[in-house]
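Now for the letters of each chain:
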Amino acid sequence: MTEKDWKEKLTPEEYYILREKGTERPFSGKYNDFFEKGSYVCAACGNKLFNSDAKFDSSCGWPSFDQAIEGSVIYTKDTTHGMVRTEVTCAKCDGHLGHVFDDGPKDTTGERYCMNSVSIKFVPENN
């Protein structure tokens, strides 16, 4: 898709975060304190990214997961804002999701995928 196509498909906030690599304010996202059973997909293209059993309360202000579904994301070195971080983007549409850090739960992967709620959508588990 072209950037013009993305601007037509996404809301202004989704476009800012997913295409311009923006960040939502901490503690403002709808999935920050949300722990239902299901999965999370890319808000732009529907690519399945995380299972709900990987979500944990990190108290950092953004939805956090300890692992992504294998092959669903791409990792890129990010040196913006005077920091060295690892950016996480959707493997299907290259939408910006957030960053991954090595300060996650030590009893699982040790990773914390710090995601923007705007970049993801929840899909409930079928009962």
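Values in this document were obtained by computation on a predicted structure and should not be read as measured data.

Cut-offs applied
- Residues numbered from 1 in each chain as written.
- Predicted model: local features only at pLDDT ≥ 70, side-chain atom pairs only at ≥ 80, totals over all residues.
- Heavy atoms only, no water.
- Phe/Tyr/Trp six-rings, centres within 6.5 Å; stacked < 30°, edge-to-face > 60°.
- Helix = DSSP H or I, 4+ residues; strand = E, 2+ residues; numbered from the N terminus.
- Buried < 20%, exposed > 50% of the residue type's maximum accessible area, 1.4 Å probe, protein only.
- Lys NZ or Arg CZ within 6 Å of the ring centre and 35° of its normal.

> Looking at this model, I keep getting lost on the packing of aromatic side chains. Mind explaining?
Here the distance between the centres and the angle between the planes together describe a pair of aromatic rings. All chains considered together, the criterion is met by 8 aromatic pairs. Between the aromatic rings of Tyr40 and Phe65, the centroid separation amounts to 5.0 Å while the plane-to-plane angle is 70 degrees, which identifies the pairing as edge-to-face. Taken together, the residues Tyr40 in strand β1 (residues 38-42) and Phe65 in strand β4 (residues 64-65) connect sequence positions 25 residues apart. Per residue, the accessibility class of Tyr40 equals that of Phe65, and both read buried. Of the aromatic side chains, those joined through ring pairs into one cluster are Tyr31, Phe34, Tyr40, Phe50, Phe65, Tyr75, Tyr113 and Phe122. The ring of Phe35 carries Lys55 above its face, with NZ or CZ at 4.0 Å from the centroid.

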